[in-house]
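Chain by chain, the residues:
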Amino acid sequence: MFSFYGLIDLLAILPFYLSTGYDLRSIRIFRLLRLVRILKLFKYNQAIKRFHRALVIAKEELILFGFVAAIMLYLSAVGIYYCESDAQPEQFSSVFHSLWWSVTTLTTVGYGDMYPVTVGGKIFTFFILTIGLGIVAVPTGLLASALSEARKQDFED
């Protein structure tokens with residue numbers, strides 16, 4: 001009853017039972033701390049342990065790929081800025097405004113709020129979309145092979 005979670009539960013229900021005339025409903029926010037209890041279940045789950053082991057196995061490759069993806073993100077923003085800034089100065093007003101286009105294009109989401117209208121911009125977008133497919137596929141393959149390795153280690157243990 002006097003554990004950390006017991007005190008949180010007490011603070012969460014205490015305003016209901018106290019009728020002091022004060023508005024104590026804001027103390028109910030402590031109920032959200034009870035969600036932390038769910039995190040305790042993760043240490044018992046074998047799948048989470050395997051996933052963690054897979055991330056450790058592929059950590060170096062994923063970090064390297066993250067840096068390459070960040071560089072590609074910036075370079076594609078610079079490229080589309082130079083291709084489209086004269087034709088659409090309101091959409092591609094700076095390299096940093098072009099980063100939104102770069103993020104949506106490289107992740108293959110493509111919301112359609114920013115798109116190229118020049119021939120050079122369309123050709124550049126084609127190449128960036130092709131690279132974007134690899135940016136999505138390569139980490140997926142890395143993680144899948146690391147998960148297979150982690151599962152193989154489970155069977156060996």
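Here, the structure is the one placed above.
Quick caveat: nothing in here was measured; it's all calculated off a predicted structure.

Let's talk about the pattern of salt bridges
As enumerated under the stated definition, the model contains 3 salt bridges in all. When the shortest N-O distance is used, the salt bridge between Asp154 and Arg53 registers 2.7 Å. Within this pair, whereas Asp154 is found in helix α6 (residues 119-156), its partner Arg53 is found in helix α3 (residues 46-57), the two being separated by 101 residues in sequence. Residue classification places Arg53 among the partly exposed residues on the basis of a relative accessible area of 24%.

Observations concerning the packing of aromatic side chains
Under the defined criterion, the tally for this structure stands at 4 aromatic pairs. Ring centres of Trp100 and Tyr111 lie 5.6 Å apart, and the angle between their planes is 5°; this geometry places the pair in the stacked category. One end of the pair, Trp100, is in helix α5 (residues 95-106); the other, Tyr111, is in the loop between α5 and α6, with 11 residues separating them in the sequence. By relative accessible area, Tyr111 is classed as exposed at 57%. Judged by centre distance (6.3 Å) and plane angle (25°), the rings of Trp101 and Phe124 are stacked.

Procedures and definitions
Residues numbered from 1 in each chain as written. Predicted model: local features only at pLDDT ≥ 70, side-chain atom pairs only at ≥ 80, totals over all residues. Heavy atoms only, no water. Salt bridge = Lys/Arg side-chain N within 4 Å of Asp/Glu carboxyl O. Helix = DSSP H or I, 4+ residues; strand = E, 2+ residues; numbered from the N terminus. Buried < 20%, exposed > 50% of the residue type's maximum accessible area, 1.4 Å probe, protein only. Phe/Tyr/Trp six-rings, centres within 6.5 Å; stacked < 30°, edge-to-face > 60°.

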